[in-house]
Amino acid sequence: MRCGFTLDHYSEILNIAKEKGYKFLGFDVKMPSDREKAIYLRHDIDLCPEEAIKMAEVEASFDIKSTYFFLINSCVYNILAKDCLEIIEYLRSYDHHIGLHFDCMLMQWNARNEINQGIEDIYNFLKNYIDLSPVVSFHRPQKEVINLTLQSLTSTYEPYFFSDMKYISDSRGQWRDGCICSIIKNELFSKIQLLIHPVWWRFEKKSNLSIFNELMRKRNIAMENYISDNIRPFGDMIKNRKK
């Protein structure tokens, strides 16, 4: 087994976890016994919703349900856009959970009461259009949200999920303590919150430059499709260019 940020190795990681008896749980479930092993598997969709599709399919092949968190204030995609809603619906067809991902710095929320109320207001609005689980995560979490317990929603950074269990992330396409496969294989922790960013995982290992170029191409296609459908002069220009 060769470690790397490939979907083949991701399959190996999931398989090891299943063989070692870990249960994959949503954030609506808390394990009653410390002797039971559990992984709370989470994905933050920071750039391209399309990146979630292959990862969701891999997980479904192992009958694993994870939670996908979509940014509500992204500059590169719109959670209520048709293409994003279709991807969310596809993820739900595999019974994956959908949560909201907040960048509090962009929202200019500072005090904890502002964060609590702001999140609740946005969740209550978006749940009318998206089949949401009552759970949220935070992009680049600041100190105000670490170990914050929300009034009516679950946070991935509340004490139970962040301080009371091992938190492991592939942020920046790196593992801080070595590949997660070894940690799971050696059963070093009984409960893990595992954050995987689909953006880093590919069918074959690629450089950051290649990943960047691929992401830009996908976002450009999405932008061209939107413009073509909604602004006729530009749409005609795009269609003529493709002839």
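Everything that follows concerns the structure shown earlier in this document.
**Quick word on the packing of aromatic side chains**
Consideration 1: Per the counting criterion, the structure on display carries 17 aromatic pairs.
Consideration 2: Between the aromatic rings of Phe 27 and Phe 161, the centroid separation amounts to 5.0 Å while the plane-to-plane angle is 65°, which identifies the pairing as edge-to-face. With Phe 27 in the loop between strand 1 (23-24) and strand 2 (38-45) and Phe 161 in helix 6 (residues 159-162), the pair connects residues that are 134 residues apart, well separated along the chain.
Consideration 3: Between the aromatic rings of Tyr 160 and Phe 161, the centroid separation amounts to 5.0 Å while the plane-to-plane angle is 85°, which identifies the pairing as edge-to-face. Like Phe 161, Tyr 160 is buried.
Consideration 4: Taking NZ or CZ as reference, Lys 37 lies 5.2 Å from the ring centre of Tyr 22, over its face.

**What to know about the side chain of Glu 51**
Consideration 1: With respect to the element layout, Glu 51 can be found in the loop between strand 2 and helix 2 (52-61).
Consideration 2: With a relative accessible area of 9%, Glu 51 lands in the buried category.
Consideration 3: Apart from residues lying up to four places away in sequence, Glu 51 is in contact with Pro 198, Val 199, Arg 202, Leu 215 and Lys 218.

**Points about helix 8 (residues 208-230)**
Consideration 1: Look at helix 8: 33 Å from first C-alpha to last across 23 residues, which is about the 33 Å you get at 1.5 Å a residue.
Consideration 2: Buried residues of helix 8: Ile 211, Glu 214, Leu 215, Lys 218, Arg 219, Ala 222 and Ser 228, and no others.

**Considering helix 5 (residues 112-126)**
Helical periodicity: at 3.6 residues per turn, an α-helix aligns residues three or four positions apart in one direction.
Consideration 1: Relative to the 21 Å expected for 15 residues at 1.5 Å per residue, helix 5 spans 21 Å between its end C-alpha atoms, a close match to the ideal helical length.
Consideration 2: Considering only its buried residues, helix 5 is in contact with strand 4 (97-102), helix 4 (104-107) and strand 5 (135-138).

**Some points on a nonpolar patch on the surface**
Consideration 1: On the surface, Leu 80, Phe 125 and Tyr 129 cluster together into a nonpolar patch covering about 310 Å² of accessible area.
Consideration 2: Assignment of secondary structure puts Phe 125 in helix 5.

**Let's talk about unusual backbone geometry**
Consideration 1: Unlike most non-glycine residues, Asp 95 shows phi in positive territory, near 70°.
Consideration 2: Note on placement: Asp 95 falls in the loop between helix 3 (82-93) and strand 4.
Consideration 3: Given the relative accessible area of 44%, Asp 95 is considered partly exposed.
Consideration 4: A positive phi is found at Glu 187, a non-glycine position, where the angle reads about 50°.
Consideration 5: Along the polypeptide, Glu 187 turns up in the loop between helix 7 (180-185) and strand 8 (191-195).
Consideration 6: According to the relative accessible area criterion, Glu 187 is partly exposed, its value standing at 37%.

**Observations concerning the side chain of Thr 156**
Consideration 1: As for its placement among the helices and strands, Thr 156 is situated in the loop between strand 6 (154-155) and helix 6.
Consideration 2: Setting aside anything within four residues of it in sequence, one finds Thr 156 in contact with Phe 27, Arg 42, Phe 69, Val 135, Val 136, Ser 137, Phe 161, Phe 162 and Gln 193.

So, how was this worked out
- Residues numbered from 1 in each chain as written.
- Predicted model: local features only at pLDDT ≥ 70, side-chain atom pairs only at ≥ 80, totals over all residues.
- Heavy atoms only, no water.
- Phe/Tyr/Trp six-rings, centres within 6.5 Å; stacked < 30°, edge-to-face > 60°.
- Helix = DSSP H or I, 4+ residues; strand = E, 2+ residues; numbered from the N terminus.
- Buried < 20%, exposed > 50% of the residue type's maximum accessible area, 1.4 Å probe, protein only.
- Lys NZ or Arg CZ within 6 Å of the ring centre and 35° of its normal.
- Contact = heavy atoms within 4.5 Å.
- Expected span 1.5 Å × (residues − 1).
- Patch = residues over 30% accessible without salt bridge, like charges linked within 9 Å, V, L, I, M, F, W, Y side chains within 5 Å.
- Areas by Shrake-Rupley, 256 points an atom, 1.4 Å probe, with all protein chains shown as cover.
- Salt bridge = Lys/Arg side-chain N within 4 Å of Asp/Glu carboxyl O.

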